Amino acid sequence: MKNLESLFPDIFLPADAPLVIAGPCSAESREQTLSVAEALARGGVKIFRAGVWKPRTRPGGFEGAGEAALPWLQEVRERTGMRVITEVATADHLHAVLDAGLDAVWLGARTAANPFAVQEIADAFASLPEDERKRLAVLVKNPVSPDLELWIGALQRLYGAGVRRLGAIHRGFSYYSHGPGSYRNAPYWAIPFELRRRFPELPLFFDPSHTGGSREFIAPLSREALDLGFDGLIVEVHCNPDEALSDASQQLTPDEFFETVAKLRRGVEDPTKESLRILREEIDLLDARLLELLGQRMDVSRRIGKVKQASGLSVVQPSRYARLISERTGAGTVLGLSPEFVRRVFAAVHEESVRHQLPER
Ligand code: PEP
Ligand code: MN
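Nothing here was measured: the structure is a model prediction, and the numbers come from that model.

Topic: the overall build of the chain
Right, on to step 1. Counting its regular elements, the chain contains 15 helices and eight strands.
Right, on to step 2. The principal-axis extent of the C-alpha atoms belonging to the chain is close to 80 × 45 × 40 Å.
Right, on to step 3. The contacts in the chain between residues at least 6 apart in sequence include a share of 72% that link residues at least 24 apart.
Right, on to step 4. Carbon and sulfur atoms form 55% of the exposed surface of the chain, whose accessible area is close to 18000 Å².
Right, on to step 5. The chain carries 45 positive and 49 negative side-chain charges, and their two centres are separated by 7 Å.

Following this line, the structure appears as structure tokens:
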């Protein structure tokens, strides 16, 4: 893959094979780190991931072993020959990783959302001697919010600091309403897809573990990402997932991981061509927003109903209705909507609104 050559020039993959990065959410102990690393290396994994500093959403969770874990990662490198990547969130983390001689870093979703933090890391890169700056590969996760410009901004800050071995990781976006059976983070494929359209050479990885949040989603989500032309995957793997100190529900055992990867084959879809699936996802998101807005509008209607009742006004006021329809029709025309369509939509909205304003019986 042309894209991946810029990132890891010394890793050779069969043509069109995705590059799979694997390892535990966190390096918890020397034994836990080495046992999963050895299993992965035996199965041909070339790049090992493990978190050392863990950004937890709420206090009290396992915050990583910190610098004490870096010698374990050095040992993984030496014993298995795998490249090693970990997360950095500050300039101090970056310096510690460089001192430990690791190969690559990623910026997490919470860091990517904070331009001050990204700039601090970019400045630390800018102050390195050129060979050091060029040695590390840097992957930037999408920010937690579905904000493509913020993601691009983070990549640009690093590029501006002279980082050239640069890639992006899509790990889904925070959203409010998720219950049992839904993804931990929404994939919103249209966003990484647009990133790919604007920067076709930028290596693009997918993180099915943090997107799905649960083991059963890893295979179908990875399949989808490869169909869309992603260059690689980053997957959480732990020898004893249920006992993991972080993200227990979304880690695979090495065997489960190899079984999943063996079934994945790169898709043939042209990644620069708009796909029906992505466009439909956009329509679904817009419809969800339309419904949410309609719900909010009816809440306001109910409050208006109470005010009218208290002041003895009738529910329907023809002059207000006529003005509303004419103003909405005019605004709709500017947006390319036919007057007849706008009239029909707002007549239906108004009818529903009147129903909400009537006193409850
Ligand atoms: C991780 O990869 O372990 C991690 C914390 O991910 P994210 O920043 O995507 O939440
Ligand atoms: Mn994790």
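Looking at the site of ligand 1
Right, on to step 1. All residues adjacent to ligand 1 are Cys 25, Arg 49, Lys 54, Glu 87, Trp 106, Gly 108, Ala 109, Arg 110, Lys 141, Arg 171, His 210 and Glu 236.
Right, on to step 2. Between ligand 1 and Lys 54 there is a distance of 2.7 Å, counted from an oxygen atom to a side-chain nitrogen or oxygen.
Right, on to step 3. With the chains in place, 99% of the 300 Å² that ligand 1 exposes on its own is no longer accessible.
Right, on to step 4. The residue makeup of the shell around ligand 1, split by class, is three nonpolar, two polar and seven charged.

Thoughts on the packing of helix 2 (residues 30–42) against helix 3 (residues 70–80)
Right, on to step 1. At a minimum axis distance of 10 Å, the contact between helix 2 and helix 3 shows a crossing angle of 30°. With respect to helix 3, the element helix 2 is oriented roughly parallel. Here helix 2 runs over helix 3; the crossing is right-handed. Contacts between helix 2 and helix 3 pair Arg 30, Thr 33, Leu 34, Ala 37, Glu 38 and Ala 41 from the former with Trp 72, Leu 73, Glu 75, Val 76, Arg 79 and Thr 80 from the latter.
Right, on to step 2. Its residues placed into classes, the contact of helix 2 with helix 3 shows six nonpolar, two polar and four charged.

Focus: unusual backbone geometry
Right, on to step 1. A positive phi angle, near 35°, is found at Tyr 188, a position not held by glycine.
Right, on to step 2. Here Tyr 188 is to be found in the loop between strand 6 (166–170) and helix 9 (190–198).
Right, on to step 3. Judged by its relative accessible area of 18%, Tyr 188 is buried.
Right, on to step 4. The backbone phi angle of Asp 247 is positive, close to 50°, even though this residue is not glycine.
Right, on to step 5. Within the secondary structure, Asp 247 is located in the loop between strand 8 (232–236) and helix 12 (254–263).

Structural notes on the side chain of Arg 165
Right, on to step 1. Looking at the secondary structure, you find Arg 165 in the loop between helix 8 (148–160) and strand 6.
Right, on to step 2. Despite being buried, Arg 165 has no salt bridge partner; Asp 10 is the closest side chain of opposite charge, sitting 5.0 Å away.
Right, on to step 3. Reaching out from Arg 165, the side chain makes a polar contact with the backbone oxygen of Lys 134 at a distance of 3.4 Å.
Right, on to step 4. At 2.6 Å, the side chain of Arg 165 forms a polar contact with the backbone oxygen of Arg 135.
Right, on to step 5. Setting aside chain neighbours within four positions, we find Arg 165 in contact with Ser 6, Leu 7, Phe 8, Pro 9, Lys 134, Arg 135, Leu 136, Ala 137 and Val 138.

As for the pattern of salt bridges
Right, on to step 1. All chains considered together, the criterion is met by 24 salt bridges.
Right, on to step 2. Between Glu 31 and Arg 30 there is a salt bridge, with its nearest N and O atoms 3.7 Å apart.
Right, on to step 3. The class for Arg 30 is partly exposed, based on a relative accessible area of 34%.
Right, on to step 4. What emerges from the salt-bridge pattern is a single network uniting Arg 30, Glu 31, Glu 38, Glu 75 and Arg 79.

A look at the domain arrangement of the chain
Right, on to step 1. Per the domain assignment, the segments making up the chain are domain 1 (2–267) and domain 2 (272–357).
Right, on to step 2. The interface of domain 1 with domain 2 comprises seven residues on the first partner and eight residues on the second.
Right, on to step 3. Taken together, both faces of the contact between domain 1 and domain 2 bury some 780 Å²; the carbon and sulfur share is 70%.
Right, on to step 4. When the buried surface of domain 1 facing domain 2 is broken down by residue, Tyr 188, Ala 190 and Phe 193 rank first, second and third, together holding 53% of it.
Right, on to step 5. The interface formed by domain 1 and domain 2 holds zero salt bridges in total.
Right, on to step 6. Where domain 1 touches domain 2, the interface holds zero residue pairs in polar contact (both at pLDDT 80 or more).
Right, on to step 7. Going through the elements one at a time, helix 9 and helix 11 (218–227) are the ones with two or more residues in the side of domain 1 that touches domain 2.
Right, on to step 8. Of the residues that constitute the side of domain 1 that touches domain 2, the class distribution is five nonpolar, no polar and two charged.

So, the coordination of the manganese ion (ligand 2)
Right, on to step 1. Distances from the manganese ion (ligand 2) to its protein donors, namely Cys 25 (SG), His 210 (NE2), Glu 236 (OE) and Asp 247 (OD), fall within the range 2.0 to 2.4 Å.
Right, on to step 2. Read N to C, the donor residues that coordinate the manganese ion (ligand 2) are spaced as C-x184-H-x25-E-x10-D. One end of the pair, Glu 236, is in strand 8; the other, Asp 247, is in the loop between strand 8 and helix 12, with eleven residues separating them in the sequence. Assigned by exposure class, Glu 236 and Asp 247 land together as buried.

With respect to the environment of Arg 77
Right, on to step 1. Among the secondary structure elements, Arg 77 is positioned in helix 3.
Right, on to step 2. Residue class for Arg 77 comes out partly exposed when judged on its relative accessible area of 32%.
Right, on to step 3. C-alpha of Arg 77 to C-alpha of Gly 101: the two residues are 24 residues apart in sequence and 9.3 Å apart in space.
Right, on to step 4. A distance of 3.5 Å separates the side chain of Arg 77 from the backbone oxygen of Gly 101, its partner in a polar contact.

Definitions and limits used
- Residues numbered from 1 in each chain as written.
- Chains lettered and ligands numbered in written order.
- Predicted model: local features only at pLDDT ≥ 70, side-chain atom pairs only at ≥ 80, totals over all residues.
- Heavy atoms only, no water.
- Helix = DSSP H or I, 4+ residues; strand = E, 2+ residues; numbered from the N terminus.
- Contact = heavy atoms within 4.5 Å.
- Areas by Shrake-Rupley, 256 points an atom, 1.4 Å probe, with all protein chains shown as cover.
- Lys, Arg positive; Asp, Glu negative; His and termini not counted.
- Charge placed at Lys NZ, Arg CZ, Asp CG, Glu CD.
- Near = heavy atom within 4 Å.
- Polar contact = N/O pair within 3.5 Å; in protein donor to acceptor, adjacent residues only side chain to side chain.
- Nonpolar A, V, L, I, M, F, W, Y, C, P; charged D, E, K, R; others polar.
- Axes fitted to C-alpha atoms, helices over the stretch in contact; angles between N-to-C directions.
- Parallel < 35°, antiparallel > 145°, perpendicular 65-115°, else oblique.
- Left-handed = near helix turned anticlockwise from the far one by under 90°.
- Buried < 20%, exposed > 50% of the residue type's maximum accessible area, 1.4 Å probe, protein only.
- Salt bridge = Lys/Arg side-chain N within 4 Å of Asp/Glu carboxyl O.
- Domains from an automatic or database assignment.
- Buried area = accessible area lost by both parts, 1.4 Å probe.
- Donors = N, O, S within 2.8 Å, 3.2 Å for Na, K, Ca; no water.

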